[in-house]
Structures are given as C-alpha cells and as structure tokens.
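# An overview of the molecular structure
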Amino acid sequence: MRQARADDYAEFAVARAGHLYRSACLLTAGDTHLAEDLVQETLGRIYVRWGRVSRVDNPAGYAQTVLTRTFLAHQRRRSSTERATDTFPDRPADEGGGHGDLSLRLTLLQALARLPAKDRAVVVLRYWEDRSVQETADALNASSAAVRTRCTRALGRLRELLGEDLGEYAAP
C-alpha cells in the first residue's frame, strides 16, 4: 500500500512539475533558481501530506495554492541583504530566428518584477492559472474584494510600465 501511494505521488510530481516551475518563474519574475527552490519546497510539502492531498477534488489546484503560499512566505522572510533588481544578467545574444519572443518574455518578466509580491501572485493566479476571483482569494487567504482591488492595481501598474496598448506585446 505504501509503495502504491509513493508511485501515485511520483506520477503526480512528474506530471505537475513543469507547470509548477513555469508558474514559479512568473511569480519570481524570472528568477529560475528561486523558482526551482519553490517547486522543490512545494513538492516536498505535498509529499508529506500526500495521503490527504490525493483525495481532494483538484490536487493540481492544491499544488498551485501551496506554491503561491510558499512564494509569499519566502517574500516575507527575505533577508535585508537581498536586493531585487530589474536587470537580467547574461542575456543570450540574439542569434536570429525566433528570439523576438524572448524579448517579449523578458519585457513582461521585468514588468512583473516591479509589482509587489502579492500583486504579482494575484496576476499569476488570475491570468496565468486562469482562476476565478474566489479561487484566487481562497489560495491567498484573502477576501474576493481584496483580490479584485489587487487585480485592478496590478493591471494598472502593468499598463503604466508597458504602455496602454498591450496589444503590441501580443503581436507576432
């Protein structure tokens, strides 16, 4: 029985790790090392509770909630010696052929990095994870009114950073 549960968890972890990592990259505004740490911590927390987690209606949604809460907890305990930056080190040279998308991703990640952690979490949950206001509120232990307020503020800030015509970023 124990081996079957371990196998179920391993299957779940393999299936969800990529999506969790992509979400973590957005939450961390492109800090891939921190994103990997957050995914590992999330999967570790889920492993400890796998007996209960495997019985919930939506284990994937539960994992996303754990990831978001882990990210927010990390933001609260950041040491005073760490400083956020809006520049990315070692950008790859444009070798031609398809790197316009890389520029778009970097621009969006830089804009996300300039949002406060909770606003960034709301944007990722609402628009990347496509969660409802109530689902986002539940994941963040907040009211739906607070989520709507944070959404409005975060999108307004992104419009300031990216310009009013966001359509130019979606163009091929």
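Residues numbered from 1 in each chain as written. Predicted model: local features only at pLDDT ≥ 70, side-chain atom pairs only at ≥ 80, totals over all residues. Heavy atoms only, no water.

Looking at an unreviewed UniProt entry, one finds the protein named SigE family RNA polymerase sigma factor, with Streptomyces sp. R11 as its source organism.

## What about the packing of aromatic side chains?
Taken as a whole and assessed by the stated rule, the structure comprises 3 aromatic pairs. Seen from their ring centres, Tyr9 and Trp50 are 5.6 Å apart, and the 75 degrees between their planes marks the pair as edge-to-face. With Tyr9 in helix H1 (residues 2–27) and Trp50 in helix H3 (residues 50–53), this pair connects stretches of sequence that are 41 residues apart. A relative accessible area of 12% means that Tyr9 is categorised as buried. Taking the centre distance of 5.0 Å and the plane angle of 40 degrees together, the rings of Phe12 and Trp50 count as tilted. Residue Phe12 is located in helix H1, and its partner Trp50 is located in helix H3; the two are separated by 38 residues in the primary sequence. Given a relative accessible area of 11%, Phe12 falls into the buried group. Trp50 gets classed as buried once you look at its relative accessible area, which sits at 7%. (Phe/Tyr/Trp six-rings, centres within 6.5 Å; stacked < 30°, edge-to-face > 60°. Helix = DSSP H or I, 4+ residues; strand = E, 2+ residues; numbered from the N terminus. Buried < 20%, exposed > 50% of the residue type's maximum accessible area, 1.4 Å probe, protein only.)

## Comments concerning helix H7 (residues 133–140)
The set of residues buried in H7 consists of Val133, Thr136, Ala137, Ala139 and Leu140. Considered in projection along H7, the buried side chains sweep an arc of 160 degrees and stay on one side of the axis. The inward-facing, buried residues of H7 abut helix H4 (59–76), helix H6 (117–128) and helix H8 (144–162). Directly after H7, the chain includes Asn141, whose backbone phi takes a positive value near 55 degrees. (Arc of directions from axis to C-beta. Contact = heavy atoms within 4.5 Å.)

## Let's talk about a positive patch on the surface
Together, Arg2, Arg5, Arg49, Arg52 and Arg55 line one region of the surface with positive charge. Here Arg52 shows up in helix H3. Among the residues examined, Arg52 registers a relative accessible area of 57% and is labelled exposed. (Patch = residues over 30% accessible without salt bridge, like charges linked within 9 Å, V, L, I, M, F, W, Y side chains within 5 Å. Areas by Shrake-Rupley, 256 points an atom, 1.4 Å probe, with all protein chains shown as cover. Salt bridge = Lys/Arg side-chain N within 4 Å of Asp/Glu carboxyl O. Lys, Arg positive; Asp, Glu negative; His and termini not counted. Charge placed at Lys NZ, Arg CZ, Asp CG, Glu CD.)

## Quick look at unusual backbone geometry
The phi torsion at Ala29 lies on the positive side, around 60 degrees, for a residue other than glycine. The topology assignment puts Ala29 in the loop between H1 and helix H2 (32–48). Look at Asp130: it is not a glycine, yet its phi comes out positive at around 55 degrees. Tracing the backbone through its elements, the reader meets Asp130 in the loop between H6 and H7.

## Comments concerning the pattern of salt bridges
Under the criterion given, the structure shown has 4 salt bridges. Across the pair Asp119 and Arg153 runs a salt bridge whose closest N-O atoms are separated by 3.3 Å. Of this pair, Asp119 sits in helix H6 while Arg153 is found in helix H8, placing the two residues 34 residues apart along the sequence. Judged by its relative accessible area of 2%, Asp119 is buried. Classification of Arg153 as partly exposed rests on a relative accessible area of 44%. One salt bridge in this structure joins Glu160 and Arg157, with 3.1 Å as the shortest N-O distance.

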